[in-house]
Amino acid sequence: MTTVQRIKEVEDEMTKTQKNKATSYHLGQLKAKLAKLRRELIAPSSGGGGGAGVGFDVARTGIASVGFVGFPSVGKSTLMSKLTGTHSEVSEIDFTTLTTVPGTVKVHGAPIQILDLPGIIEGANDGRGRGKQVIAVARTCNLIFIVLDVLKPLGDKAIIERELEGFGIRLNKKPPAITCRKKEKGGINIVNTVPLTNIDHDEIKAILSEYRINNADIAIRQPGATADDLVDVIEGNRVYIPALYVLNKIDAISIEELDLLYKIPYSVPISSKEWLNVDELIESMWEALDLVRVYTKPRGLAPDYSQPVVLRRGKCSIEDFCNNIHKEIAKQMKYAVVWGASAKHSRGQKVGTDHILEDEDVVHISKK
Ligand SMILES: Nc1nc2c(ncn2[C@@H]2O[C@H](COP(=O)(O)OP(=O)(O)OP(=O)(O)O)[C@@H](O)[C@H]2O)c(=O)[nH]1
Ligand SMILES: [K+]
Ligand SMILES: [Mg+2]
């Protein structure tokens, strides 16, 4: 039996099994089994390869990258070409784009790399079409645009989500607040600081046993934690990426239909062909990327607002700021003065290299 057939078998078994106290253990086992089978599918050893193929992995430029994922002919290349000014072939024929096509768009002074990708189809991560390579590129992006054609069934959204999830990508989600600390002995010890509403001890034990973990401290701080969350923590190779649903081709629908589309979370309805509502999409993209712009202020001069140093959230200390300008600056720095949201007071705060900056802060570096 192939891995895909075994996955199907486990999934069928899960659908047949009603969730209740008596079946918890069995369901836990099935969920862990499923995750292990999916891992086989992602791993390069399964044939077909899990990494990005030749021509799919492009040089990364800019401060962050946005990957376009969607079914064929939803308008990915139309959007990317117009957004970046880079040519990417457009046609009404499916699978026009055959490889990654990179372009750049500047938003609020920050160069953002846009990756137009080939269309994917259902079953992509089982190796159908170029889906695996496409999703492998998406896994490395800072933001994913899931592009949908509003004239096609909305069920396509769930299909794309499933394909990405099957590849270990978690969309618009934080890593679960669960820890699993393995020990030499002492058995399984479960501590929860929140009530366990979606998982019980039987399910936890079944999952751990499936992974041959016999001694461990499990701490659950995640409200509503599920068996899948625990499996994700144990598997460990998950990536948590923000996503926006780009609902394209709204030029072809009525206002009433458009109102319904606005109810979908994380979505932005646009028309790439007629260039409708693209400003909102760019603003949503900027917010989702969560970048930090920092302006430099030379001694005695006004801050330079024309060229911000753009940093990523989580990597935006004074040290990161210095390294972004020049390797040596952090070493030469005596202290820095910061104005803006991260500063304690408006007249400027004297700080050291580990101070964390906020978007639109102004910084002066005083050298030794
Ligand atoms: N009505 C309408 N048609 C659009 C829009 N955007 C793209 N199209 C049309 O949709 C078709 C497919 O566009 P592409 O940009 O090639 O789509 P794609 O998603 O890149 O397709 P693949 O590369 O084959 O996956 C073309 O005929 C476009 O002119 C839009 O906003 N409105
Ligand atoms: K096309
Ligand atoms: Mg295309």
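Calculation notes
Residues numbered from 1 in each chain as written. Chains lettered and ligands numbered in written order. Predicted model: local features only at pLDDT ≥ 70, side-chain atom pairs only at ≥ 80, totals over all residues. Heavy atoms only, no water. Helix = DSSP H or I, 4+ residues; strand = E, 2+ residues; numbered from the N terminus. Buried < 20%, exposed > 50% of the residue type's maximum accessible area, 1.4 Å probe, protein only. Contact = heavy atoms within 4.5 Å. Areas by Shrake-Rupley, 256 points an atom, 1.4 Å probe, with all protein chains shown as cover. Donors = N, O, S within 2.8 Å, 3.2 Å for Na, K, Ca; no water. Near = heavy atom within 4 Å. Polar contact = N/O pair within 3.5 Å; in protein donor to acceptor, adjacent residues only side chain to side chain. Nonpolar A, V, L, I, M, F, W, Y, C, P; charged D, E, K, R; others polar. Salt bridge = Lys/Arg side-chain N within 4 Å of Asp/Glu carboxyl O.

- The protein chain has the name P-loop containing nucleoside triphosphate hydrolase protein in an unreviewed UniProt entry, where Pterulicium gracile is given as its organism.

### Overview of the overall build of the protein chain
Moving on, step 1. Looking only at helices and strands, the protein chain features eleven helices and 16 strands.
Moving on, step 2. C-alpha extents for the protein chain along the principal axes are approximately 70 × 60 × 45 Å.
Moving on, step 3. Within the span of the protein chain, comprising 368 residues, buried residues form 48% of the whole.
Moving on, step 4. In the protein chain, once contacts between residues fewer than 6 apart in sequence are set aside, the share between residues at least 24 apart is 67%.
Moving on, step 5. When the accessible surface of the protein chain is totalled, it reaches about 18,600 Å², and 52% of it is carbon and sulfur.

### Some details on the coordination of the potassium ion (ligand 2)
Moving on, step 1. Each protein donor to the potassium ion (ligand 2) is listed here as S73 (OG), S91 (O), I93 (O) and T96 (OG1); together their distances run 2.7 to 2.9 Å.
Moving on, step 2. The distance between the potassium ion (ligand 2) and the magnesium ion (ligand 3) comes to 5.1 Å.
Moving on, step 3. Exposure remark for S91: the relative accessible area of 29% places this residue in the partly exposed category.

### Here's the deal with the coordination of the magnesium ion (ligand 3)
Moving on, step 1. Taken together, the protein ligands of the magnesium ion (ligand 3) are S77 (OG) and T97 (OG1), with distances of 2.0 Å.
Moving on, step 2. Judged by relative accessible area, T97 falls into the buried class, the value being 10%.

### Some thoughts on the site of ligand 1
Moving on, step 1. As a structural note, the neighbourhood of ligand 1 is formed by 22 residues, with S77, T78, T96, T97 and D251 the closest of them.
Moving on, step 2. A distance of 2.8 Å separates an oxygen atom of ligand 1 from a polar atom in the side chain of K76.
Moving on, step 3. Separating a nitrogen atom of ligand 1 from a side-chain N or O atom of D251 is a distance of 2.7 Å.
Moving on, step 4. Considered on its own, ligand 1 offers 660 Å² of accessible surface; in the complex 90% of this is hidden by protein.
Moving on, step 5. Counting residues per element, the shell around ligand 1 draws most heavily on helix 3 (residues 76–84), which supplies three residues.
Moving on, step 6. Taken together, the residues of the shell around ligand 1 sort by class into five nonpolar, eleven polar and six charged.

### Comments concerning the pattern of salt bridges
Moving on, step 1. Counted by the stated rule, this structure contains 20 salt bridges.
Moving on, step 2. As a salt-bridge pair, R39 and E235 come within 2.7 Å of each other at their nearest N and O atoms. Linking R39 in helix 2 (residues 24–42) with E235 in helix 7 (residues 227–235), this pair joins segments that are 196 residues apart in sequence.
Moving on, step 3. Between D229 and K173 there is a salt bridge, with the nearest N and O atoms lying 2.7 Å from each other. Of this pair, D229 sits in helix 7 while K173 sits in the loop between strand 5 (169–171) and strand 6 (178–182), and the two are 56 residues apart along the sequence.
Moving on, step 4. Several salt bridges share partner residues, and in doing so they unite K19, K31 and E203 into one network.

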